[in-house]
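These are the residues of each chain, in order.
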Amino acid sequence: MYRKKIAVNLGFLSLEMPFNMKLITLSASVEQTKKVNLTHIKAESTVFRRLKGKLPNRAISRNNCVKLPSHESYESDFPPKGSKNLVVRLKRYGYIELEQILILILTFGRVLSECSYCDCIMENQLAKSTEERTFQYQDSLPSLPVPSLEESLKKYLESVKPFANEEEYKNTEAIVQKFQNGIGKKLQQKLLQRAKGKRNWLEEWWLNVAYLDVRIPSQLNVNFGGPASHIEHYWPPKEGTQLERGSISLWHNLNYWQLLRKEKLAVEKVGNIPLDMNQFRMLFSTCKIPGITRDSIINYFRTEREGHSPSHLAVLCRGRVFVFDVMHEGYLMTAPEIQRQLTYIQKKCHSEPDGPGVAALTTEERTRWAKAREYLISLNPENLTILEKIQSSLLVFCLDDDSPHATPEDYSQVSAKILHGDPTVRWGDKSYNLIAFSNGVFGSNGDHAPFDAMVLVKIFYYIDEKILENEGRWKGSEKVRDIPVPEELVFTVDEKVLNDINQAKAQYFKQASDLQLVVYAFTSFGKKQTKKKQLHPDTFIQLALQLAYYRLHGRPGCCYETAMTRLFYHGRTETVRPCTVEAVNWCQSMQNPSTSLLEQQHMMLEAFAKHNKMMKDCSTGKGFDRHLLGLSLIAKEEGLPVPELFTDPLFSRSGGGGNFVLSTSLAGYLRVQGMVAPMVHNGYGFFYHIRDDRFVVSCSAWKSCPETDAEKLVQQVFRAFHDMMQLMETPHL
């Protein structure tokens, strides 16, 4: 017989049934006070967590009762006369036979139905039930907390110690004390007031200060990117594979898009605690729009439940722009059908003159690009329509004529091309540019404003896994339906626009030629070995970097490491400062021949413990950098003078105000690498990912800075890896 899958929509709460093979009894008592009592549900049960987690806080009283507003039909509809309790039996991971249960669907104040078939979906066979939806926990995530002022200032003082002599430190200590007892108190109260009205008091500020207000060209200085690791298995570099591989890669990307549309992408968690998934909304159909003084972000993506979402791709090839819809007659195109579209575009571009390369304008200084865009639109209203089609496209697929070198041990050349390749085939403001090189090597480049690197990491890993599963081949239907050819989007341009494009390309290539980038794999050991020694692999790399910088430059290096704050609503990042007193003491001991191995090991483990605690604090809302930023922005909004805390030389010398010489981030524990440009001219950008048998690191520096050398720093990092492991392996320790 048919089994029935039940989708119950409670308006303010959606539950997908069934829940568990085990029978759970929910006893809902009806009281004269019109409350539905939930005390009969065990606190640890899935049902209770879902109910309590999804209902508005104001609806739940201390005794776990859900208060329902009075409603005229309430008493007459619920429950049948003479009945005081309603018992519902739910099965999990199997479909419920409706004849065996009574379903009560509640909204605020009325009963919609008893034992109704109207919300049931008939299914001919059992299918895997997805208990969770991608964005279902968003409304129940905790708000971002405001840390204690005293604690934040204490942590700040600790962080400046490695960069100050005794006199400087005492001076900063006095400034901090004055701030804490004076203006800081008032600013803290105003920040707490702001937090009462916002679930994330930082979100808007961070977006503006870190990204949208920034006027320097963002494609090189703000964007991030990374190479795909397909070359390590079924897709080594090979000419003539660009379109076939590109169509397969696109097909997997589009399946990922459909998972998001259907909210079937798994919710990421720490243990059983869900993380904020909002950034995944920004992966597809998202674009930054330049403004004269501030940019903005426009996002066209919608889930299926929310409504229509764009379904067209933009393809850039030899300075020209094309679009085509990936859905045909209600179904996603197959890889052979996508390949047909790409072949049409490539043949057209290779047999006709290059286009003007309007995309290069996105590499410009932001205000200049905003003015150039306004002029472009004024030339012809159709130009705005074209821009909107690019902005709303799922992603930009970049057909790049370059064939960069890439091996599993050396991704340097391909990474450089991804970060600063042909500007006429990248739309720098798009959240996702998927780059296909002529030799069948792939990478991504995206605007950093809408999301952090883990979003691109996740989709690239998903695609890599699918390519592995299918041995690099397309295993579906080879049939190609009669599909309309791609549409070319032709901008109306004049001499001024062409001059703007040439100027943009000139400044871009000048800065790009100044960027040094190396991406190497350290293959002597990896996570397995560090874990065996009970050393956290991320901390292992951070401390190796501290030692490497100290050896190369003879001084401590103020360092920014990303900590994620996605435990909170719309949480993004916090700053961990790895250059601690403990780390510097250890680095000095490693350079001191008179320090014993035992002392060096002891000091290293102290530095490990300190770093691990900082990372935990920062991930749980107890960091101080974003807090200090909030206090400074409150002062600015109130029209107050900049507090002395933020003008003190030690503030910037220790990295404050975006002055970290080491800008670092862990890209994760998957086969995906990323890279960024340095934060400051005399600094380094240092991304890395961790695998069982290797560490892959990328390091960037500006060639025009005589102090820095990315190649030398990476070699020092690899040397430090060996030295640290040797410390743990010395027999007599």
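Residues numbered from 1 in each chain as written. Predicted model: local features only at pLDDT ≥ 70, side-chain atom pairs only at ≥ 80, totals over all residues. Heavy atoms only, no water.

What counts, and what does not: UniProt positions are given in the numbering used here, feature names are shortened, and annotations may be inferred rather than shown by experiment.
Looking at an unreviewed UniProt entry, one finds the protein named Peroxisomal carnitine O-octanoyltransferase and attributed to Ovis ammon polii. Here is the UniProt Subcellular location (unreviewed entry) comment for the protein, exactly as written: "Peroxisome". According to UniProt, the comment filed for the protein under the heading Pathway (unreviewed entry) is "Lipid metabolism; fatty acid beta-oxidation."

### Overview of the overall build of the protein
As a reminder of what qualifies: Think of it this way: any DSSP run of H or I at least four residues long counts as a helix, any run of E at least two long counts as a strand, and we number them from the N terminus. The classification of residues rests on relative accessible area computed with a 1.4 Å probe and restricted to protein chains. Under 20% of the type maximum is buried, over 50% is exposed, and intermediate values are partly exposed. Any two residues whose heavy atoms approach within 4.5 Å at even a single point are treated as in contact.
A count of helices and strands for the protein gives 21 helices and 28 strands. Among the 733 residues that make up the protein, the fraction classed as buried is 58%. Expressed as a percentage of contacts within the protein between residues at least 6 apart in sequence, the contacts between residues at least 24 apart total 76%.

### Some points on helix α13 (residues 453-469)
Here is the rule we go by: A helix is expected to reach a length of 1.5 Å times the quantity of its residues less one.
Over its 17 residues, α13 runs 24 Å from end to end, which matches the ideal 24 Å to within 8%, given 1.5 Å per residue. Those residues of α13 not exposed but buried are Met 454, Val 455, Leu 456, Val 457, Ile 459, Phe 460, Tyr 462, Ile 463, Asp 464 and Ile 467. The inward-facing, buried residues of α13 contact β10 (224-227), α8 (242-261), β20 (433-437), β21 (442-446) and β26 (662-668). Positive backbone phi, approximately 55°, marks Glu 471, located one or two places after α13.

### Focus: the packing of aromatic side chains
The relative placement of two aromatic rings is captured by the distance of their centres and the angle of their planes. Formally: Two rings from Phe, Tyr or Trp (for Trp, the six-membered ring) form a pair when their centres are within 6.5 Å of each other. A pair whose planes differ by under 30 degrees is stacked, one over 60 is edge-to-face, and the rest are tilted.
As enumerated under the stated definition, the model contains 26 aromatic pairs in all. Between Trp 235 and Phe 442 the ring centres are 5.7 Å apart and the planes differ by 40°, which places this aromatic pair in the tilted class. Taken together, the residues Trp 235 in the loop between β10 and α8 and Phe 442 in strand β21 connect sequence positions 207 residues apart. Each member of the pair, Trp 235 together with Phe 442, is buried.

### Quick notes on helix α4 (residues 166-181)
Heads up, the condition is: As used here, the arc is the angular range of directions from the helix axis to the C-beta atoms.
The end-to-end C-alpha distance of α4 is 23 Å, a good match for the 22 Å that 16 residues give at a rise of 1.5 Å each. Every buried residue of α4 is accounted for by Tyr 169, Thr 172, Ile 175, Val 176, Phe 179 and Gln 180. Down the axis of α4, the sector holding all buried residues measures 135°, keeping them to one side. In α4, those exposed residues whose orientation departs by more than 90 degrees from the buried face are Glu 166, Glu 167, Lys 170, Lys 178 and Asn 181.

### A short note on unusual backbone geometry
Its identity as a non-glycine residue notwithstanding, Ser 285 has a phi of 55°, on the positive side. Mapped onto the elements, Ser 285 comes out in the loop between β12 (273-274) and β13 (286-289).

### Observations concerning the pairing of strand β15 (residues 312-317)
Here is the rule we go by: A pair of strands is treated as paired once DSSP finds two or more bridges between them.
The buried fraction of β15 amounts to 6 of the 6 residues, a majority that puts the element mostly inside the structure. Covered by surrounding structure in β15 are His 312, Ala 314 and Leu 316 together with Leu 313, Val 315 and Cys 317, the residues of both alternating faces. Where β15 lies against strand β16 (residues 320-325), 6 bridges are found, and the strand directions are antiparallel. The residue bridging Leu 313 from the neighbouring strand is Phe 324, located in β16. Once β15 ends, the chain turns through 2 residues before running back antiparallel as β16, passing Arg 318 with a positive phi of about 50°.

### Let's talk about the UniProt feature "active site" (unreviewed entry) in the protein
The condition that has to hold: In protein, a polar contact means a hydrogen-donor-capable atom and an acceptor-capable atom, both N or O and within 3.5 Å, with residues adjacent in sequence counting only if both atoms are side-chain atoms; elsewhere, any N or O pair within 3.5 Å suffices.
In the numbering used here, UniProt assigns the "active site" (unreviewed entry) feature to His 448. Sequence-distant contacts of His 448, that is, excluding residues within four places in its chain, are made with Tyr 211, Val 222, Asn 223, Phe 224 and Arg 572. Among the polar contacts made by the side chain of His 448, one reaches the side chain of Tyr 211 at a distance of 3.3 Å.

### Considerations on the pattern of salt bridges
For the record, the criterion: Here, a salt bridge means any side-chain nitrogen of Lys or Arg that lies within 4 Å of a carboxyl oxygen of Asp or Glu.
Considering all chains together, one arrives at 45 salt bridges under this definition. A salt bridge links Lys 288 to Asp 447; the nearest nitrogen and oxygen atoms lie 3.0 Å apart. Taken together, the residues Lys 288 in strand β13 and Asp 447 in the loop between β21 and α13 connect sequence positions 159 residues apart. Summarising the burial analysis for this pair, Lys 288 and Asp 447 share the class buried.

### Side note on the environment of Ala 583
Structurally, Ala 583 can be placed in helix α17 (residues 581-590). Sequence separation between Ala 583 and Gln 546 is 37 residues; the distance between their C-alpha atoms is 7.2 Å. Not counting residues up to four positions away in its chain, the partners in contact with Ala 583 are Leu 543, Pro 578 and Ala 607.

### Structural notes on the sheet that holds strand β27 (residues 684-690)
The test is simple: With axes taken as lines fitted to C-alpha atoms, and helix axes fitted only over the stretch in contact, angles between N-to-C directions fall between 0 and 180 degrees.
One open sheet accounts for 6 strands, arranged β23-β28-β27-β26-β24-β25; its pairing is mixed. Pairing within the sheet leaves two strands with one partner each, and these edge strands are β23 (515-522) and β25 (573-576). Across the sheet, the mean angle separating the axes of adjacent strands is 20° when strand polarity is ignored. As judged from the 6 bridges shared by β26 and β27, these two strands associate in the parallel manner. Among the inter-strand pairings, Thr 664 is bridged to a residue of β27, identified as Phe 686. Packing against the sheet, helix α16 (residues 537-553) makes contact with β24 (559-564), β26, β27 and β28 (695-702), and its axis sits at approximately 150° to β27. Together, β23, β26, β27 and β28 form the strand contacts of helix α21 (residues 710-729), whose direction differs from that of β23 by roughly 25°.

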